[in-house]
Amino acid sequence: MENKVTALIMAGKRSGVHDPLAQRAGVAQKCVVPVRGVPMIERVVREVAACGKIGAIHIVAHDHEEIAALPTVAALVEEGRLKFREGKFNIVDSVFSGAEGASFPLLITTADNCLVTSDGYGEFIDKALAAEAGAAAALARKQDVQAADPEGQKKFYEFRDGGYSNCNMYWMGSSEALSAAEIMRGGGQFVKFPKRIAKAFGWMNLVRFYFGWGTKEKIFEQVSRRFGFKLVPIVMSKGDFAIDVDNERTFEVTERMLAKREAAAG
């Protein structure tokens, strides 16, 4: 485990809300909904565990029992490589909970990132290390996302150097960088709710973002000054890394993409 990254897999659920996909599948929480016959989080854990750059794995969840019964999860718990951490009321406090007892740096991913591969996690880690990032976010190019799913996402983060989508992968280089998680306390989804940018990053950065003033690197540099450490945008090689299982449509898209991968692999 020495000199390896710790992975946090966020597998919480909304209090008092039964996810429609979970309801349809007859399970208690979305993260165990089968996608092409394999529970989402089982897929994510397999890929995370297969990445040679990742050591310990923490699953942050409100309901451990369904997850702990899955074969890959159970085997990694038995091995001592995987531990559960308690999910909290909001995403930020859940990240703090997941980081308890963890060795840095941290890679944060989500239980519905079914299309991210072990190579994809390795790519993100390599690029974050090469950039000497205090904290980082994975992005996919607009054209790559649209090529992967032409009928999908319509809104993107627009910078002078193009449009990008969030891949729900984050990097925390040190315990000090955990303060960057506060960016998400308002709920994230900045494309849908621009005022959250002002709250998280400051009004001037909202203006820069809204009008596309500057490249993504320039905007992240401005935000870095606000937080006091280096925040870096990491551009990923594949657009499908930005597609997670949010609803029925993205569930179907994900199943089609996984079927295509399996057919290509023989």
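Residues numbered from 1 in each chain as written. Predicted model: local features only at pLDDT ≥ 70, side-chain atom pairs only at ≥ 80, totals over all residues. Heavy atoms only, no water.

Brief notes about the confidence of the model for the chain
As a reminder of what qualifies: For every residue, the predictor assigns a confidence score, pLDDT, that lies between 0 and 100. Contact between two residues is taken to exist if any of their heavy atoms lie within 4.5 Å; hydrogens are not considered.
On average, residues of the chain score 85 in pLDDT, and 81% of them are at 70 or above. Ignoring residues within four places in sequence, the model shows residues 186–208, a span with pLDDT below 50, making 38 contacts including any to other chains.

What about the packing of aromatic side chains?
Note the cut-off: Pairing of aromatic rings covers Phe, Tyr and Trp, the last counted by its six-membered ring, and requires centre-to-centre distances within 6.5 Å; plane angles under 30 degrees mean stacked, over 60 mean edge-to-face, and any other angle means tilted. Going along the chain from the N terminus, every DSSP run of H or I of four or more residues is numbered as a helix, and every run of E of two or more is numbered as a strand. Each residue's exposure class comes from its accessible area (1.4 Å probe, protein chains only) as a fraction of the maximum for that residue type: buried when under 20%, exposed when over 50%, partly exposed otherwise.
One pass over the structure, following the stated rule, counts two aromatic pairs. Here the aromatic rings of phenylalanine 124 and tryptophan 171 are separated by 6.4 Å at their centres, their planes lie at 90°, and the arrangement is edge-to-face. Of this pair, phenylalanine 124 sits in helix 6 (residues 118–130) while tryptophan 171 sits in strand 9 (residues 162–172), placing them 47 residues apart in sequence. The exposure class assigned to phenylalanine 124 is buried, which follows from its relative accessible area of 0%. Consider the rings of phenylalanine 159 and tyrosine 164, whose centres lie 6.1 Å apart with planes at 55°: the pair is tilted. Phenylalanine 159 sits in the buried class, given a relative accessible area of 10%.

Quick notes on the pattern of salt bridges
To keep things clear, this is the line we draw: Salt bridges are identified by distance alone: a Lys or Arg side-chain nitrogen within 4 Å of an Asp or Glu carboxyl oxygen.
Applying the stated criterion across every chain, the model contains 13 salt bridges. Note that glutamate 42 and arginine 46 form a salt bridge whose closest N and O atoms lie 4.0 Å from each other. One end of the pair, glutamate 42, and the other, arginine 46, are both in helix 2 (residues 40–50), four residues apart, so they sit about a helical turn from each other. Salt bridges sharing common partners tie together Lys30, Asp112 and Asp246.

A look at the nonpolar core
For soluble globular proteins, the rule of thumb is that nonpolar side chains tend to be buried together. The test is simple: Buried residues of nine kinds, namely Ala, Val, Leu, Ile, Met, Phe, Trp, Tyr and Cys, make up a nonpolar core once their side-chain atoms join them within 4.5 Å.
Membership of the largest hydrophobic core comes to 57 residues, with the highest contact counts inside it found for Ile9, Ile41, Ile59, Ile67, Tyr121 and Phe124. It is helix 2 that provides the largest number of residues to this core, a total of six residues. Setting aside residues up to four positions removed in sequence, tyrosine 121 forms contacts with Val44, Glu47, Val48, Cys51, Ile54, Leu107, Thr109, Asn113, Val116 and Met169. In terms of nonpolar packing, the next biggest core, distinct from the first, is built from 17 residues, Val60, Val95, Tyr170 and Met172 among them.

Here we look at helix 5 (residues 91–99)
Rule in force here: Distance and chemistry together define a polar contact, namely a pair of N or O atoms within 3.5 Å, with one atom able to donate a hydrogen and the other to accept it when in protein, and with adjacent residues in sequence counting only for side-chain atoms on both sides.
Turning to helix 5, its buried residues number three or more, namely Val92, Ser94, Val95, Ser97, Gly98 and Ala99. Two to three positions downstream of the cap, the backbone nitrogen of valine 92 sits 3.1 Å from a side-chain oxygen, assigning the N-cap of helix 5 to asparagine 90. Just beyond helix 5, the residue with positive phi is glycine 101, at close to 75°.

With respect to the side chain of aspartate 244
What counts, and what does not: In this charge count, Lys and Arg are treated as positive and Asp and Glu as negative; neither His nor the chain ends contribute.
Following the sequence through the fold, aspartate 244 ends up in the loop between strand 10 (231–235) and helix 11 (248–265). With no salt bridge to any partner, buried aspartate 244 finds its closest opposite charge in lysine 30, at an N-O distance of 6.3 Å. With residues up to four places along the chain from it excluded, the contact list for aspartate 244 reads Asp112, Asn113, Asn168 and Thr250.

Quick look at helix 2
Buried residues dominate helix 2, accounting for eight of its 11 residues. Along helix 2, the residues that are buried comprise Met40, Ile41, Glu42, Arg43, Val44, Val45, Val48 and Ala49.

Concerning the side chain of aspartate 112
Within the secondary structure layout, aspartate 112 lies in the loop between strand 6 (106–110) and helix 6. Of note is the side chain of aspartate 112, whose polar atom sits 2.9 Å from the side chain of lysine 30. When neighbours within four sequence positions are excluded, aspartate 112 is seen to be in contact with Lys30, Met40, Asp244, Val245 and Asp246.

Points about unusual backbone geometry
Following phenylalanine 104, the chain continues to proline 105 via a peptide bond in cis, the omega torsion being 5°. Checked against the element boundaries, proline 105 lands in the loop between helix 5 and strand 6. Despite not being glycine, arginine 36 shows a phi value in the positive range, around 50°. Along the chain, arginine 36 turns up in the loop between strand 2 (34–35) and strand 3 (38–39). Relative accessible area serves as the criterion here: at 40%, arginine 36 is assigned to the partly exposed category. You will see that asparagine 168, though not glycine, has its phi angle at about 55°, which is positive. Topologically, asparagine 168 is positioned in strand 9.

A closer look at the packing of helix 2 against helix 4 (residues 71–79)
Inclusion rule: Axis definition: a line fit to C-alpha positions, over the contact stretch in the case of helices; interaxial angles, taken between N-to-C directions, run 0 to 180 degrees. Roughly parallel refers to an angle under 35 degrees, roughly antiparallel to one over 145, roughly perpendicular to one between 65 and 115, and oblique to any angle outside these ranges.
At a closest axis distance of 8 Å, the pairing of helix 2 and helix 4 adopts a crossing angle of 45°. By the criterion of interaxial angle, the relationship of helix 2 to helix 4 is oblique. Within the contact between the two elements, helix 2 uses Glu42, Val45, Arg46 and Ala49 and helix 4 uses Pro71, Thr72, Val73 and Leu76.

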